[in-house]
Amino acid sequence: MSAVLEDLLQIGLVVETADASRGFTYGAVFFKPRPEAAYAVAFDVGARHLRGALAGLDGAEVVRRDADVDGLDAPGMVAASVRLARELAGAAGVAETSVRHAVVGVPGVVDRRDGRVWQAANVTGMEGFAAQEQFSAALGMPVTVENDINLAAHGEYARGSGGDADSFLFLSIGTGVGAGLVLGGNLHRGFKGAAGELDDAFEPEYTDLGDGTLEASVPNAIDPCAEAILQYAARKLPAETDLTPERVFELARAGDPSALDVVREEARRIANYAAVASAVVDVELVVLGGGIGLNGDLLLAPVADHLAARLPYPPRVETSALGSGAVLAGAASLGASLTVEQLIREYFG
């Protein structure tokens, strides 16, 4: 081990470091990756924006940029990522050859066998797209493709609200609902990479009305996504002609009784989702993210109350500390770890 560490010091991959957190160290010497020895590039692929960041080997973002990709299909996203990677390296003043690994967060289930993306309705052409192969070929480096909510959970564990929890659920509520599970300090992807795809588990049952039409037995009774809750809000707030989730929460903060009723219903639906995962894997913490989930001032207490009423050992509930940057933070942290592993394999075979 001493010989390996000496080699790593010689090639500049690690440096000695103090570790005051351990108290008495009895003469032990500690090492850490040298952040500027190499870099990873992180991407968060969305329907309208492609977010990118360059990270050192410590996982910290060196520089960040966003690109407008509204209307681009999957191949267009790949081309945009190449341009953004070059822009990031230039802004950081580092050679493009020093960027050794890329992590791409996508809105869909990533097949762990071949890197194809499924259940990806937000980006045209992403369904069945060979994302890992295409991004790797275009960027000219190894690429890891991961579900964006899984990366958000990883980001919260590395740098956000989940850092002090051994097991937690990250629940993103926005235009859709997604979840990421960290169990025993490790991201849990599941057999097919579809762990946390809660939308599929809460499809309403339909009844045949006998005239060729179907009616949802419990329409939107569980789904807390923006569209579902706005349908509920439209019935409670008929005078509001241009309802958005932001407007509903704005009215609730102003004390509007009907808007507060909508928020209570949203909290109940969020708790329904969280209770399922909590009952099965007994998570310590639920972290709420997404455009709706970040309204913690109105949601945290009622969600926690619902969970306490339903579960003998309810988790505590917090909002994301990283907000919209959670996916990118997770991609950067994961990219740094994978880059270190990649460099060690390259140097030592």
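Per an unreviewed UniProt entry, the chain carries the name ROK family transcriptional regulator and comes from Catenulispora subtropica. According to the UniProt record, the Sequence similarities (unreviewed entry) comment for the chain reads "Belongs to the ROK (NagC/XylR) family."

## Re helix H3 (residues 131-139)
Those residues of H3 that fall on the buried side of the exposure criterion are Ala131, Phe135 and Leu139. Each buried residue of H3 sits inside an arc of 40 degrees when the element is viewed along its axis, so together they form one side. For H3, the exposed residues lying more than 90 degrees away from the buried face are Glu133 and Ala137. For H3, the elements touching its buried residues are strand S3 (39-45), helix H2 (74-92), strand S6 (99-106), strand S8 (117-118) and strand S9 (143-147). The positive-phi residue at the C-terminal boundary of H3 is Gly140, with phi of around 70 degrees.

## Some details on a nonpolar patch on the surface
The grouping of Met1, Val4, Ile11, Ile344, Tyr347 and Phe348 at the surface amounts to a nonpolar patch, some 570 Å² of accessible area in total. With three residues, the single largest contributor to the nonpolar patch is helix H10 (residues 326-348). Here Val4 falls in the partly exposed class, since its relative accessible area comes to 37%.

## Some remarks on the packing of aromatic side chains
Taken as a whole and assessed by the stated rule, the structure comprises one aromatic pair. Ring plane angle 15 degrees and centroid distance 6.4 Å describe the contact between Tyr157 and Phe168, whose orientation is recorded as stacked. Taken together, the residues span a long stretch of sequence, with Tyr157 in helix H4 (residues 148-159) and Phe168 in strand S10 (residues 168-173) at a distance of eleven residues.

## Details of the pattern of salt bridges
According to the stated counting rule, one finds 17 salt bridges in the structure shown. Glu240 is paired through a salt bridge with Arg247; the nearest N and O atoms lie 3.3 Å apart. Connected via shared salt-bridge partners are Asp164, Glu284, Arg316 and Glu318.

Scoring rules and cut-offs
- The written sequence of each chain sets the order in which its residues are numbered from 1.
- Thresholds applied to this predicted model are a pLDDT of at least 70 for local features of residues and 80 or more for the giving and counting of side-chain atom pairs; totals over whole chains, interfaces and linings are not thresholded and use all residues.
- Heavy atoms throughout the structure, all of them, feed into the side-chain values; hydrogens and water do not.
- UniProt positions are given in the numbering used here, feature names are shortened, and annotations may be inferred rather than shown by experiment.
- Throughout this description, buried means an accessible area under 20% of the type-specific maximum (1.4 Å probe, protein chains only), exposed means over 50%, and partly exposed covers the range between.
- Strands are runs of DSSP state E lasting at least 2 residues, helices are runs of H or I lasting at least 4, and numbering of each runs from the N terminus.
- Directions drawn from the helix axis to the C-beta atoms are what define this arc.
- Contacts: residue pairs with any heavy atoms within 4.5 Å of one another.
- Residues qualify for a patch when their relative accessible area is over 30% and they have no salt bridge, like charges being joined within 9 Å and the nonpolar side chains of Val, Leu, Ile, Met, Phe, Trp and Tyr within 5 Å.
- In these tables, accessible area is a Shrake-Rupley quantity obtained with a 1.4 Å probe, and a residue counts as shielded only by the protein chains included in the view.
- Salt bridge, as used here: a side-chain nitrogen of Lys or Arg that lies within 4 Å of a carboxyl oxygen of Asp or Glu.
- Put simply, two rings from Phe, Tyr or Trp (the six-membered ring, in Trp's case) pair if the centres are within 6.5 Å, and we call them stacked under 30 degrees between planes, edge-to-face over 60, tilted for the rest.

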